[in-house]
Amino acid sequence: MRSGDATGSIKRRLVVQLGLVTALLSIAFFLAVRVVAEKAATDTQDNILAASATSIVEAVYSDSGEVRLELPYSAITMLSTVSEDRVFYRVLVDGETITGYDDLPLPEGRATGIGPVFDTYPFRGEALRTVQVARTLSVQDQPRQVNVVVGQTRLGLGAISSRITTNAVAIGTAFFLVATALSFLAAQNAIAPLDRLAQVVARRGPNDLRPVTAAAPVELVPLVGGLNSFMERLRQALTRSEDLITEAAHRVRTPLATVRTQAEVIHRQTDHPASKKALREMIRAVDESSRSAGQLLDHAMVTFRSDQLETQEINAADLLRDVVDRLQPTAELKDIHLALELDDDPVTVRGDIILLQNAVRNLVDNAIKYSPADTDILIKLSGEGACQMAFIDQGRGFGEADLTQLTSRFSRGKNVDDVVGSGLGLTIADDVARAHGGALDICSNQEGPGACVTLVLPLS
Amino acid sequence: MRHIGFAALLILLAQTAGALELEESRRYEVADPQSELRVLSTADVEVFEPIILAFQQENPATTVQYDVASSSEVMRGLYEEGAAYDIALSSAMDLQIKLANDGLALSYSSAATESLPGWATWHDQVFAFTQEPTVLVISKAALEGVPVPRSRSALIELLRTRPDIFDSRIGTYDVRTSGAGYLFATQDSRNTENFWQLTEVMGRLNARLYCCSGQMIRDVGDGRLAIAYNVLGSYAQSRLADTPGIEIVEMDDYVSVMLRSALIPVTARSADESGRMIDFLATLSARPDLVAQTGLPAVVPLRPNEAPERRPIRLGPGLLVFLDKMRRETFLRSWVSSMEQR
Ligand SMILES: Nc1ncnc2c1ncn2[C@@H]1O[C@H](COP(=O)(O)OP(=O)(O)O)[C@@H](O)[C@H]1O
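Keep in mind the model is a prediction, meaning the values are calculated, not measured.

Quick look at the packing of helix 8 (residues 179-191) of chain B against helix 14 (residues 325-340) of chain B now. Residue and element names in this part refer to chain B. Across the interface, helix 8 lies against helix 14 with an axial gap of 12 Å and an inter-helix angle of 80°. When the interaxial angle is binned, helix 8 and helix 14 end up roughly perpendicular. Within the contact between the two elements, helix 8 uses Tyr 182, Ala 185, Thr 186 and Ser 189 and helix 14 uses Arg 327, Arg 328, Phe 331 and Leu 332. Among the residues making up the contact of helix 8 with helix 14, the classes are represented as 4 nonpolar, 2 polar and 2 charged.

Let us now look at helix 8 of chain B. Residue and element names in this part refer to chain B. For helix 8, built from 13 residues, the straight-helix expectation of 18 Å at 1.5 Å per residue is met to within 8% by its first-to-last C-alpha distance of 18 Å. Of all the positions in helix 8, only Gly 179, Ala 180, Gly 181, Tyr 182, Leu 183, Phe 184, Ala 185, Thr 186, Gln 187 and Asp 188 are classed as buried. With a side-chain oxygen lying 3.4 Å from the backbone nitrogen of Ala 180, the N-terminal cap of helix 8 falls on Ser 178.

Before going further, it helps to spend a moment on the sheet that holds strand 4 (residues 96-100) of chain A. Residue and element names in this part refer to chain A. Within the open sheet, the 5 strands sit side by side as 4-3-7-6-5. Their pairing is antiparallel. At either margin of the open sheet sits one strand with a lone partner, and together these are strand 4 and strand 5 (117-123). Mean inter-strand twist for the sheet, computed between neighbouring axes without regard to direction, equals 25°. Pairing of strand 3 (residues 87-93) with strand 7 (residues 142-153) involves 7 bridges; the strand directions are antiparallel. Counted as the bridge partner of Phe 88 is Gly 151 from strand 7.

Residues and elements named next belong to chain B. With respect to burial, strand 2 (residues 35-41) is a largely interior element, 6 of its 7 residues being buried. The sheet contact formed by strand 2 and strand 3 (residues 62-68) spans 7 bridges and is parallel. The residue of strand 3 that forms the bridge with Arg 38 is Gln 65. You can see the chain leave strand 2, run along helix 2 (residues 45-58) and come back into strand 3, and the turn it takes is right-handed. In this structure, strand 2 lies alongside strand 4 (residues 87-90), joined through 3 bridges in parallel fashion. Each bridged residue has a counterpart across the sheet, and for Leu 40 the counterpart in strand 4 is Ala 88.

Next up on the list: the pairing of strand 6 (residues 126-139) of chain A. Residues and elements named next belong to chain A. Across the 14 residues that make up strand 6, a large majority, 10, are buried. As paired elements, strand 5 and strand 6 share 7 bridges and run antiparallel to each other. Bridge pairing in strand 6 links Asp 119 to Thr 130. The turn linking strand 5 back onto strand 6 is made up of 2 residues, and Arg 124 within it adopts a positive phi angle of 45°. Sheet analysis places strand 6 next to strand 7, joined by 12 bridges and oriented antiparallel. Counted as the bridge partner of Val 139 is Gln 142 from strand 7. Linkage of strand 6 to strand 7, two consecutive antiparallel strands, is achieved through a turn of 2 residues, within which Gln 140 is found at a positive phi near 45°.

Quick look at the nonpolar core now. Counting residues in hydrophobic clusters, the biggest one holds 147 residues, and the most contacted among them are B:Phe48, B:Leu159, B:Phe166 and B:Ile227. If sequence neighbours within four positions are ignored, B:Phe48 has contacts with B:Ala43, B:Tyr66, B:Leu89, B:Phe129, B:Leu281 and B:Leu296. Listed in part, the 42 residues of the second largest apolar core include A:Val302, A:Ala317, A:Ile377 and A:Phe398.

To continue, consider the side chain of A:Thr42. Looking at where A:Thr42 falls in the secondary structure, it is placed in helix 1 (residues 10-58). Once residues within four sequence positions are removed from consideration, A:Thr42 is found in contact with A:Arg154 and A:Leu157.

Our focus in this paragraph is the confidence of the model for chain A. Averaged over all residues, the pLDDT of chain A equals 87, while 97% of them reach at least 70. Of all the helices and strands in chain A, helix 5 (residues 273-307) of chain A carries the lowest mean pLDDT, 84, while strand 3 of chain A carries the highest, 95.

Residue and element names in this part refer to chain A. Near the ligand there are 20 residues, and of these Asn 366, Tyr 370, Asp 393, Arg 412 and Asn 415 occur at the shortest range. At 2.8 Å, a side-chain N or O of Tyr 370 approaches an oxygen atom of the ligand. Within the side chain of Asn 415, one N or O atom sits 2.6 Å away from an oxygen atom of the ligand. Starting from 520 Å² of accessible surface for the ligand in isolation, the protein chains cover 99%. Comparing atom positions with the cavity grids shows the ligand to sit within the largest cavity.

Conventions adopted
Residues numbered from 1 in each chain as written. Chains lettered and ligands numbered in written order. Predicted model: local features only at pLDDT ≥ 70, side-chain atom pairs only at ≥ 80, totals over all residues. Heavy atoms only, no water. Axes fitted to C-alpha atoms, helices over the stretch in contact; angles between N-to-C directions. Helix = DSSP H or I, 4+ residues; strand = E, 2+ residues; numbered from the N terminus. Parallel < 35°, antiparallel > 145°, perpendicular 65-115°, else oblique. Contact = heavy atoms within 4.5 Å. Nonpolar A, V, L, I, M, F, W, Y, C, P; charged D, E, K, R; others polar. Expected span 1.5 Å × (residues − 1). Buried < 20%, exposed > 50% of the residue type's maximum accessible area, 1.4 Å probe, protein only. Polar contact = N/O pair within 3.5 Å; in protein donor to acceptor, adjacent residues only side chain to side chain. Pairing = 2+ DSSP bridges. Right-handed = clockwise from strand over helix to strand, strands pointing away. Core = buried A, V, L, I, M, F, W, Y, C linked by side-chain atoms within 4.5 Å. pLDDT = per-residue confidence, 0-100. Near = heavy atom within 4 Å. Areas by Shrake-Rupley, 256 points an atom, 1.4 Å probe, with all protein chains shown as cover. 1 Å grid on protein atoms, 1.4 Å probe; cavity = no way out; pocket = protein on both sides within 12 Å on 5 of 7 lines; lining within 4 Å. Sits in = over half its atoms within 2 Å of the grid points.

In structure tokens:
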């Protein structure tokens, strides 16, 4: 069977698409984690900065008209509990620095006294996150504006952020790998019914045209339906042509039988040697035609029955004996002796008796046909490993014929000369052998001239 | 100890803008010099010399220039003058932290610095290499027959009940002029509720104020002082041999442990060159011989539950709090009023 050109693979496409999706998701996940985590870390730092600045601004008091501050220890240490970041602060009253780093810039924006103002700017060689909080203090009935700026470098934040990044990368990568593996499995799984269907169809014998009944997912139902209706049409076409052949053979054989009977009657009644000879020729021709028609019929029958074998246990020796008995008269006409050589042990096969008889008959018939008068035909049965029935004659042999071609329909060897035939005998035998899971072996007689055709069938 | 306070430093700044005021300076030449290490330190040459010599044994091609200045001079030199040094060693933890915090130190990291306990480094810039507890030094003669105070409340009780022994015979740092004294006092004020009470009692008994540990220990040895409070243990220990009349008492309730630290100034030629000295100091605990010779106890990891009352002063921006101009003014004002109320 030849398969069409493959254009891509569904599985690969599924895997690639799912892989792309998971890659996108992984990246999105990574970015989301980073953004969220960094926001959280920044917020945490801002909160601590604000708490620090607030505790400083709350510690500002007035003492006999002077604004003073006792810098709370915790305001600074709370900033340095987790990280080893540098800390800067500045306290202003009405714009005048009263303590701290007086070169520390104020964060951009105005503190309204309600909320802290945050800013990030470079200071003394490093990025500084700063906050400013404000408070109004009444000093001798005069409102004084107190501003506190607290700043901290962002190394701790950087460390947290790089840790989060590392984790996010690790989780993203793991997610991607797992998802890709899963999508591979999913693709495999999705493809499985298709594979199963393909196997069911591929496993079928060459003539098996029964509808496919394997369970298929909804998506494959149209395909299966199409396949089944196609096979049904094919089967009908085949049946029709077989019917036609059967009918045709039948129609040819019946009148031929009448012609033969009449010719024989006339042959007996006439004494005229020339007429007698002509009549004999005629009878022989009728016989051949009838045989050909029979073979056509047989072939059609074999093709048909191969689909549904009616198998039973068969004793090979009985089968051979039966066929030999039936063909004995034909052989005797040519003074040919049919010798049967059987195995000591009974050899049994499982098969369709009618088909096997047909095959054997065709093979014995061939042997008789291609053997000269007064020779022996050896029919040998052996049960070694398989049931082997060899038909060995001392005739002309296959000569130069292409042995592989002889089993095709209507093909005849170059060695036929005057021997009439249809080219169907070996075809039938071969078809039967195959239908039974066996084979037909064609070779020359190993001992002397002649042919050796062996029908090999599996033992039951 | 050469601590002068931060305020003093500011005054100094106003007066002496200019060259660094060195107290001692010694050059340790080598036969075939490849490099030179310029050290600015607060520790006396005689104390530190064994460490330099041992360092040169490991680095035989390094000439060492060892300059000694007070902690405030070290600060001024590095902060204001941009004095060119490869390493700065100081007992003024607060000033070292300020230098690093304000961006005047270089970062350095190595296996040796990583192996230091977390509390002994800050920001990969300040590396502690000794831990020196503060102790009470008492005159055995003066305290004959009197129970030795083991805690601050016991000390207060003793001072209160025996003014006959202690009047004018208590020594402690003048926190206005001594950087170390200020550091210890401020740490005390955070760590023990008895600090202000103790200061008041000492003030009432006309305590004598000192600039440095050395003088205090000498005066206890002479019998001029009955006790000296908050003396650096390492100094007392090294004087023990030639000052027979003294006894060192470590308090049970709480002991401030000062960390002597090293940093690499931004003026250093290269952080890696200086790093060799940092590494040497960071692994001082592996050289018990040097610890014995210098009397500088090396940094060793604290074991949990071992001497919980010995608390290393925490390296970190917390130390900046008491350097705050206003906080310092307020603290000094309270201290002076406690000390001088008569
Ligand atoms: N026993 C045999 N001896 C010699 N040739 C044979 C023999 N059997 C078959 N052949 C060759 O194989 C060809 C095909 O045989 P077969 O299919 O039976 O057709 P046919 O009707 O021509 O005998 C024959 O034409 C003949 O050339």
